[in-house]
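Residue-level listing of the chains:
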Amino acid sequence: MDYYYDILLNLEEQYFAFYEWDSDDNIEFIKKIPVFHIDSKTLTNMVENVIKIEENILLEIENKTKLKQNTYLKYTALFSDGKNSLAIEFNDEGISINKSSLLLEDEININEFMYNVNVRKIKIDVIKKNKLLKETRQDLKIKKIITMEIETMYAKKEFSKLKYLYLEWFLELENNIEKMKERMLRKLNEKLTEREYEIYELIKLSYNNV
């Protein structure tokens, strides 16, 4: 068994590239993790799909990933084809439940490390395709926050605030609360524009001034 040491992982159900990691994510410092050198086709399938690993691999990696607090992740391993890498956490049935990309520096170091690790043939079963995100993680976060703000104002009957938000957003007055709410939520189903980014910053500013 080969191991890699001292690495940061962001194990999430949805795979995110390292540049989309968020400060609110549960980023773990891993002291030690099993690593497998695999072929590129298998790695691509691991990235793009929910997969099931062989039982013998599951048993091989059991309680082998050590965290900073000297605790262990039950079924987690690192897979690399020498060009790209992926960490995966599996459930008791061997099905992938969380995945993590690697920081660029770690990616480079692991690619070099793979030169000394023999390629291993690993059989996997594809369970289903991963959900494909059509927008960046930041845009999804902005949409969620604006939606929550609209729904909160509406529920609390803070209609003057809702009218102000609408005016700042669309640069026009509207007295019909239902129409305002409907138009704002409908706009959030579209691709974000500079106006939505400005509304997001306005909402953040309003909480900073409380």
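A brief report on the enclosed structure follows. (Residues numbered from 1 in each chain as written. Predicted model: local features only at pLDDT ≥ 70, side-chain atom pairs only at ≥ 80, totals over all residues. Heavy atoms only, no water.)

Focus on the overall build of the protein
Right, on to step 1. Looking only at helices and strands, the protein has 7 helices and 8 strands in total.
Right, on to step 2. Relative to its length of 210 residues, the protein is extended, with a C-alpha radius of gyration of 22 Å against a globular reference of 17 Å.
Right, on to step 3. Expressed along its principal axes, the backbone C-alpha trace of the protein runs to roughly 70 × 35 × 30 Å.
Right, on to step 4. Of all 210 residues assigned to the protein, the portion counted as buried reaches 40%.
Right, on to step 5. Carbon together with sulfur atoms contributes 50% to the accessible area of the protein, which is approximately 12600 Å² in total.
Right, on to step 6. The protein carries 33 positive and 39 negative side-chain charges, and their two centres are separated by 3 Å. (Helix = DSSP H or I, 4+ residues; strand = E, 2+ residues; numbered from the N terminus. Rg over C-alpha atoms; globule rule 2.2 N^0.38 Å. Buried < 20%, exposed > 50% of the residue type's maximum accessible area, 1.4 Å probe, protein only. Areas by Shrake-Rupley, 256 points an atom, 1.4 Å probe, with all protein chains shown as cover. Lys, Arg positive; Asp, Glu negative; His and termini not counted. Charge placed at Lys NZ, Arg CZ, Asp CG, Glu CD.)

Describing the pairing of strand β4 (residues 62-67)
Right, on to step 1. One ladder, built from 2 bridges, connects strand β2 (residues 28-37) with β4; its direction is antiparallel. Each residue of the ladder has a partner; that of Ile30, found in β4, is Leu67.
Right, on to step 2. Sheet topology places β4 next to strand β5 (residues 72-80); 3 bridges connect them, and they run antiparallel. Paired with Lys66 across the bridge in β5 is Tyr72. (Pairing = 2+ DSSP bridges.)

Quick word on helix α4 (residues 137-155)
Right, on to step 1. Under the 1.5 Å per step criterion, the end-to-end length of α4 is 27 Å for 19 residues, consistent within 8% with the ideal 27 Å.
Right, on to step 2. All of the buried residues along α4 are Arg137, Asp139, Ile142, Lys143, Ile146, Glu149, Ile150 and Met153.
Right, on to step 3. Where α4 is buried, its residues meet α5 (159-170), α6 (177-187) and α7 (194-208).
Right, on to step 4. Among the residues trailing α4, Lys157 stands out with phi positive, at a value near 60°. (Expected span 1.5 Å × (residues − 1). Contact = heavy atoms within 4.5 Å.)

Quick notes on a nonpolar patch on the surface
Right, on to step 1. A surface patch of nonpolar side chains, amounting to about 430 Å² of accessible area, comprises Phe18, Tyr19, Leu104 and Ile108.
Right, on to step 2. Along the chain, the position of Leu104 falls in helix α3 (residues 104-113). (Patch = residues over 30% accessible without salt bridge, like charges linked within 9 Å, V, L, I, M, F, W, Y side chains within 5 Å. Salt bridge = Lys/Arg side-chain N within 4 Å of Asp/Glu carboxyl O.)

Looking at the pairing of β5
Right, on to step 1. Among the 9 residues of β5, 7 are classified as buried, and the element is accordingly described as predominantly covered.
Right, on to step 2. Bridge analysis of β2 against β5 gives 3 bridges, and the strand direction is parallel. Its bridge partner lying in β5, His37 is registered against Ser80.
Right, on to step 3. In terms of strand pairing, β5 meets strand β6 (residues 85-90) through 5 bridges, oriented antiparallel. Each bridged residue has a counterpart across the sheet, and for Ala77 the counterpart in β6 is Ile88.
Right, on to step 4. Two successive antiparallel strands, β5 and β6, enclose a turn made up of 4 residues, where Gly82 displays a positive phi of approximately 90°.

Description of the pattern of salt bridges
Right, on to step 1. Applying the stated rule across the entire model yields 14 salt bridges.
Right, on to step 2. The shortest N-O distance in the salt bridge between Lys123 and Asp125 comes to 3.2 Å.
Right, on to step 3. On the basis of relative accessibility, which here comes to 37%, the residue Asp125 falls in the partly exposed class.
Right, on to step 4. Through salt bridges that share partners, Lys187, Glu190 and Glu196 make up one connected network.

Re the side chain of Thr76
Right, on to step 1. Take Thr76: it is sitting in strand β5.
Right, on to step 2. The residues touching Thr76, leaving out its near neighbours within four places in the chain, are Leu11, Ile33, Pro34, Ile61, Thr65, Ile88 and Glu89.

Section: the side chain of Arg137
Right, on to step 1. Its place among the elements puts Arg137 in helix α4.
Right, on to step 2. At a separation of 2.6 Å, a polar atom in the side chain of Arg137 contacts the side chain of Asp25.
Right, on to step 3. Residues in contact with Arg137, not counting those within four places in the same chain, are Asn10, Glu12, Phe16, Glu20, Trp21, Asp22 and Asp25. (Polar contact = N/O pair within 3.5 Å; in protein donor to acceptor, adjacent residues only side chain to side chain.)

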